[in-house]
Structures are given as C-alpha cells and as structure tokens.
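Inside the fold
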Amino acid sequence: ETGVTQTPRHLVMGMTNKKSLKCEQHLGHNAMYWYKQSAKKPLELMFVYNFKEQTENNSVPSRFSPECPNSSHLFLHLHTLQPEDSALYLCASSDPTGTRYNEQFFGPGTRLTVL
Amino acid sequence: AQSVTQLGSHVSVSEGALVLLRCNYSSSVPPYLFWYVQYPNQGLQLLLKYTTGATLVKGINGFEAEFKKSETSFHLTKPSAHMSDAAEYFCAVVADGNQFYFGTGTSLTVIP
C-alpha cells in the first residue's frame, strides 16, 4: 500500500450513531490533516497534527474528535452528527522538515452521509 | 490573511482547444502557490507548484502555470485539452507555516 489511504470510502450513519474514519499514510511524513469538502465551498481545514501533536483546530464542533496515535495514523471519531455534516472528508499528509516542504498528499476521501 | 479566488466554477472547452483556468490570490507575504486536480471519487493530486525561482511552472499532464506577482495571479493553462482532463481543479496558496487556503474549485468539461 502506498501513499495515503482512507477507510471506509463510503459511510452512511444516523444522527445518534458513533463511527470513526481512519487515515493511514505510508510516506514517512510527520504532519497529517483532516479536511471537509462540501459542494460549492472551499476545502475546510479541520485539524492539523505535527509529530502527533494537534497544532490546529479550526473551530470544529466537538461532535468531531480527532486522534493521532502515531505519525502514520489519523482518526476522526464521529458522534451525534447533523445532516449538514454530510460531505467528503479528506485526509492529507506532508513532511514539514523535508525538501518537499508544504506539499500535501491527499487520500481518496470518505464520503459521509448523515441521515 | 490569505485567500484564493477561482473565477468560473465551470469551464467547458472543446477537445484540442486551449484550457485556461483562472486563479487570483491575496497574501501579505510571498506565497507558495499550487494547483491540484481531483478526478471523480478520488482525492486531490498535485499538478504543479510555485515556490521560488522561475515564474513559469510546468506540471504533469501538459499543464503549466505562470506566477504573476503584479497581477496576483497563478492561472493554469494547457495548449490542447484532452478528454481525460475533465475533472475538478483547485488552486491553493500557502503563506504562513503549512496551512493551505483553497479556492472553491473549477469544474472542467471537455467536449468531444
């Protein structure tokens, strides 16, 4: 497996459910990101982790809870979501210390539908 | 503050015609600029980027972009469109640290 992978690719959940999105990067990067992509809107940065420490939380509601157990894995735990949370959730990684500074590599995304 | 404006949410071109996708940015410091492409049901893939040096940047699949500081622009072009170029294109700017600011995207349709 190469690059950035995300599972599941599609998820349908009710507003009372609890689910988790998983991201794994095989690039040796030290920074990982969660983005939300909604139709007709710019990509919204949700969370940033550098060397497993959260360095950015862009006023994301507490029903979204990130977890970064190590530099290769990133989770997004979901609970009591709202229908407006339906979107494509993209994970990305980068190497802020390397020669390709600032280039982010994206996973294929998880298409989330909240009923 | 940094921001990106992509003029035209939808662009249609005939196969073989010139592709021009517009991107203007605002940044208080010298920016790094990127173009990403997103094919259906996939994540974003880097097309090209400008950091420093030559202002005309060549990317993958025959695309190129020119950084024009005086116009605060970074338009994406390709001389001859191919059917496989149909996708969503995103311009992004990075000016502070590692945070990207993306535009709203331009959907490119290629007409046979």
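Residues numbered from 1 in each chain as written. Chains lettered and ligands numbered in written order. Predicted model: local features only at pLDDT ≥ 70, side-chain atom pairs only at ≥ 80, totals over all residues. Heavy atoms only, no water.

Some remarks on the overall build of chain A
- A count of helices and strands for chain A gives zero helices and 11 strands.
- Taken from N to C terminus, the helices and strands of chain A fall in the order β-β-β-β-β-β-β-β-β-β-β.
- Principal-axis analysis of the C-alpha atoms places the extent of chain A at approximately 45 × 30 × 30 Å.
- Residues classed as buried in chain A amount to 47% of the 115 residues present.
- Long-range pairs, those at least 24 residues apart, make up 54% of the contacts in chain A between residues at least 6 apart in sequence.
- Each charge class in chain A can be summarised by its mean position, and for the 11 positive and 10 negative side chains these summaries are 8 Å apart. (Helix = DSSP H or I, 4+ residues; strand = E, 2+ residues; numbered from the N terminus. Buried < 20%, exposed > 50% of the residue type's maximum accessible area, 1.4 Å probe, protein only. Contact = heavy atoms within 4.5 Å. Lys, Arg positive; Asp, Glu negative; His and termini not counted. Charge placed at Lys NZ, Arg CZ, Asp CG, Glu CD.)

Observations concerning unusual backbone geometry
- Here the residue pair A:Thr7 and A:Pro8 is connected by a cis peptide bond, since its omega of -10 degrees sits within 30 degrees of zero.
- Turning to its location among the elements, A:Pro8 is positioned in the loop between β1 (4-7) and β2 (10-13).
- Notably, A:Thr80 is not glycine yet its phi reads approximately 45 degrees, a positive angle.
- Topologically, A:Thr80 is positioned in the loop between β8 (73-79) and β9 (87-94).
- For A:Thr80, a relative accessible area of 41% corresponds to the partly exposed category.
- Despite not being glycine, B:Thr72 has its phi angle at roughly 45 degrees, a positive value.
- Looking at where B:Thr72 falls in the secondary structure, it is placed in the loop between β8 (64-68) and β9 (73-78).

Section: the state of the cysteines
- Tallied over the full model, the rule gives two disulfides over all chains.
- Paired through a disulfide, A:Cys23 and A:Cys91 show a sulfur-sulfur distance of 1.9 Å. For the disulfide bridge between A:Cys23 and A:Cys91, the dihedral angle about the S-S bond is near -75 degrees, and by the sign convention the bridge is left-handed. Of the two residues, A:Cys23 is situated in strand β3 (residues 18-25) and A:Cys91 in strand β9; the sequence distance between them amounts to 68 residues.
- For A:Cys23, a relative accessible area of 0% translates into the label buried.
- Residue B:Cys23 pairs covalently with B:Cys91 via a disulfide, S to S 1.9 Å. On the sign convention where negative means left-handed, the S-S torsion of about -65 degrees between B:Cys23 and B:Cys91 marks this disulfide as left-handed. Within this pair, whereas B:Cys23 is found in the loop between β3 (19-21) and β4 (24-26), its partner B:Cys91 is found in strand β10 (residues 87-94), the two being separated by 68 residues in sequence. (Disulfide = S-S within 2.5 Å.)

Some words on the packing of aromatic side chains
- Across all of its chains, the model carries 14 aromatic pairs over all chains by this definition.
- Residues A:Tyr35 and B:Phe102 carry aromatic rings whose centres are separated by 5.7 Å and whose planes lie at 90 degrees to one another, so their mutual orientation is edge-to-face. Separated into two different chains, A:Tyr35 in strand β4 (residues 31-37) and B:Phe102 in strand β11 (residues 100-102) make up a pair that spans both. Judged on exposure class, the residue A:Tyr35 and its partner B:Phe102 are both buried.
- Where A:Phe106 meets B:Tyr36, the ring centres are 5.4 Å apart and the plane angle is 80 degrees; that geometry is what we call edge-to-face. Taken together, the residues span two chains, with A:Phe106 in strand β10 (residues 105-106) and B:Tyr36 in strand β5 (residues 32-38). Taken as a pair, A:Phe106 and B:Tyr36 share a single burial class, namely buried.
- Joined through ring pairs, the aromatic side chains of A:Tyr33, A:Tyr35, A:Phe106, B:Phe34, B:Tyr36, B:Phe100 and B:Phe102 make up one cluster. (Phe/Tyr/Trp six-rings, centres within 6.5 Å; stacked < 30°, edge-to-face > 60°.)

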